[in-house]
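# Structural features, examined
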Amino acid sequence: MASNMDREMILADFQACTGIENIDEAITLLEQNNWDLVAAINGVIPQENGILRSDYGGEPISGPAFDPASHPAPAPAPSSSSAFRPVMPSRQIVERQPRMLDFRVEYRDRNVDVVLEDSCTVGEIKQILENELQIPVSKMLLKGWKTGDVEDSALQESLNQNFMLIITHREVQREYNLNFSGSSTIQEVKRNVYDLTSIPVRHQLWEGWPASATDDSMCLAESGLSYPCHRLTVGRRSSPAQTREQSEEQSTDVHMVSDSDGDDFEDASEFGVDDGEVFGMASSALRKSPMMPENAENEGDALLQFTAEFSSRYGDCHPVFFIGSLEATFQEAFYVKARDRKLLAVYLHHDESVLTNVFCSQMLCAESIVSYLSQNFITWAWDLTKDANRARFLTMCNRHFGSVVAQTIRTQKTDQFPLFLIIMGKRSSNEVLNVIQGNTTVDELMMRLMAAMEIFTAQQQEDIKDEDEREARENVKREQDEAYRLSLEADRAKREAHEREMAEQFRLEQIRKEQEEEREAIRLSLEQALPPEPKEENAEPVSKLRIRTPSGEFLERRFLASNKLQIVFDFVASKGFPWDEFKLLSTFPRRDVTQLDPNKSLLEVKLFPQETLFLEAKE
């Protein structure tokens, strides 16, 4: 239970949001809702048309009662392709210069927020949307604009003002004090009055509007209302069907007697309309063009006509119907990543049902239903009025959902249409979670959509978990495969390097052997070409040379003093020391004998009668 201080705050907030100045009335409404502020506000101004939820703080804010310090923004009804609706700012002081306009553009399942100064043009908005949505400006159609342009400063000030409308409900003699921004339209006022009085806009009979208020799309600031307060009176006008029926009864004096006890008409009365309205609307629908051609070549063309006809009958505020085949709809809703999946809502229309017009205009086109479907569902539609289209859908239904669902739809009576099928995609099949008939209310429809969403969310969480685990396993497997591949490549590289190394060693060994064989052949040829060693006692002078090798061994041989120095070189080479790799040095004096002329005799180079030389490898 709220304390006295809390109740005073709740009472102040309640009066600020609803514009109810009578304290006793405000306390009575709060006590009826057990001092629940949100419930009390929704009871006075229903959420469909009167409550907007702030994108910043999450607190509900009354639609008509804008903060005068807030900058105005156009607030048209959303359309099937694109629409503008305001993004409500948090309560803060906003500078008047420059004034910023916030737009939210809805296109299919995407929302684009556009923030511009009031001096910008529509062309600049289209340029931004072209970059965001990839739609050419030439093919872009923006719906939902308010008529009239804010040009002069006086009109700008009027748009920022709040108008207090004192509206008297004639039938019940009750007054409503409603606050509206100057940028609100007459149509918005009538919709809010419908929420309070249950009188549909088309049945409202008004008194007190200025003569200049000729168009429902006109802003209050332009309509000529008295500021700050203006009195209006609203009542219910008789429908054309009621007037015609009364005139026929007066002229013919015929009384209609029903054999039933009246229970058959309870469903129609639940929608807040009379019997004349329901049947009058049904008969008028029969005179309109069909929702869908009977033998369309492809489903996409049929749904284009369905969407256009639906908009012409019930307005642009309706669910965004997916244009394409049922299989393409499955791909969009089910066959994507688990986080991106959505429920599928299949709307089955039937023009011959008395419930169709009421269901479409008051439930399927309710802003709360349209918004909820847009955020959480992919919506697809089909018209079962024609037998050919009915048979075509039953064939699709039998193929995708099974014979049980097809038989259920086949056995539905005409007066039970329209139908709303809620479908959830599963791993192996598509499951129909709910079949909603036309004799329902907005609250019941919303509750059943939310119940289906709870089931879907639980399944989606499991699917996301399974998908994440599967992706984790696949990532581990990919990492293992990559590591194995790299290991194989490393092993192959090592093996190839080893093979190259062995081949290189073999090649070098072959070269070495060939060089040794060549050197051995040269050595043998030189050894064979040497002249015979002279004896110590010889008639010719003999020179005895003692040559020390790098290993410390000595080579000794006698040569004729007349032998050329080249013979000494050949002898050293025949022992394995070629003169191009080794140099032959003398000790006293130290000189490099290999630098001497090899054609000179030993006597000429003074290697006589004996000399000790040593070999040294060349650098």
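Residues numbered from 1 in each chain as written. Predicted model: local features only at pLDDT ≥ 70, side-chain atom pairs only at ≥ 80, totals over all residues. Heavy atoms only, no water.

Per an unreviewed UniProt entry, the chain goes by Fas associated factor 1 and derives from Monodon monoceros.

When you go through the chain residue by residue, the secondary structure sums to 17 helices and 18 strands. Each of the 619 residues in the chain was classed as buried or not, and the buried ones make up 41%. Of the contacts formed within the chain by residues at least 6 apart in sequence, a portion of 62% connects residues at least 24 apart. Counting only carbon and sulfur atoms, one obtains 50% of the accessible surface of the chain, whose full area is about 34400 Å². (Helix = DSSP H or I, 4+ residues; strand = E, 2+ residues; numbered from the N terminus. Buried < 20%, exposed > 50% of the residue type's maximum accessible area, 1.4 Å probe, protein only. Contact = heavy atoms within 4.5 Å. Areas by Shrake-Rupley, 256 points an atom, 1.4 Å probe, with all protein chains shown as cover.)

Turning next to the pattern of salt bridges. Following the criterion strictly, the structure yields 28 salt bridges and no others. The salt bridge involving Arg485 is made with Glu489; its shortest N-O contact spans 2.4 Å. Of this pair, Arg485 and Glu489 both sit in helix α16 (residues 442–529), four residues apart, which is roughly one turn of that helix. Arg485 gets classed as partly exposed once you look at its relative accessible area, which sits at 36%. Glu536 serves as the salt-bridge partner of Arg558, at 3.7 Å between the closest nitrogen and oxygen. Of this pair, Arg558 sits in strand β15 (residues 554–560) while Glu536 sits in the loop between α16 and β14 (542–548), and the two are 22 residues apart along the sequence. Classification of Glu536 as exposed rests on a relative accessible area of 62%. Taken together, the shared-partner salt bridges in this structure form one network comprising Glu309, Arg313 and Asp351. (Salt bridge = Lys/Arg side-chain N within 4 Å of Asp/Glu carboxyl O.)

The next thing to look at is the nonpolar core. Phe310, Leu348, Phe393 and Phe420 are the most contacted members of the largest nonpolar core, which has 58 residues in total. In terms of residue count, the dominant contributor to this core is α16 (seven residues). With sequence-adjacent residues up to four places away left out, Phe420 is seen in contact with Ala345, Val346, Tyr347, Leu364, Leu373, Asn434, Val435, Ile436, Leu445 and Leu449. Judged by nonpolar contacts, the second largest core, of 20 residues, contains Leu530, Leu565, Val568 and Val572. (Core = buried A, V, L, I, M, F, W, Y, C linked by side-chain atoms within 4.5 Å.)

Its place among the elements puts Val605 in the loop between β17 (591–592) and β18 (610–617). Sequence-wise, Val605 and Ala561 are 44 residues apart; in three dimensions their C-alpha atoms are separated by 9.9 Å. Ignoring any residue separated from it by four or fewer positions in sequence, one finds Val605 in contact with Leu565, Arg591, Leu596 and Lys600.

At the junction of Tyr227 and Pro228, the peptide bond is cis and its omega measures out at 5 degrees in the coordinates. Tracing the backbone shows Pro228 in the loop between β8 (204–207) and β9 (229–236). Omega for the peptide link from Phe608 to Pro609 comes to 0 degrees, which places this bond in the cis form. With respect to the helices, strands and loops of the structure, Pro609 is situated in the loop between β17 and β18. For Trp35, which is not a glycine, the phi torsion comes out positive at approximately 60 degrees. Relative to the helices and strands, Trp35 resides in the loop between α2 (23–32) and α3 (37–44). Of note, the phi angle at Lys606 is positive, near 65 degrees, even though the residue is not glycine. Note that Lys606 resides in the loop between β17 and β18.

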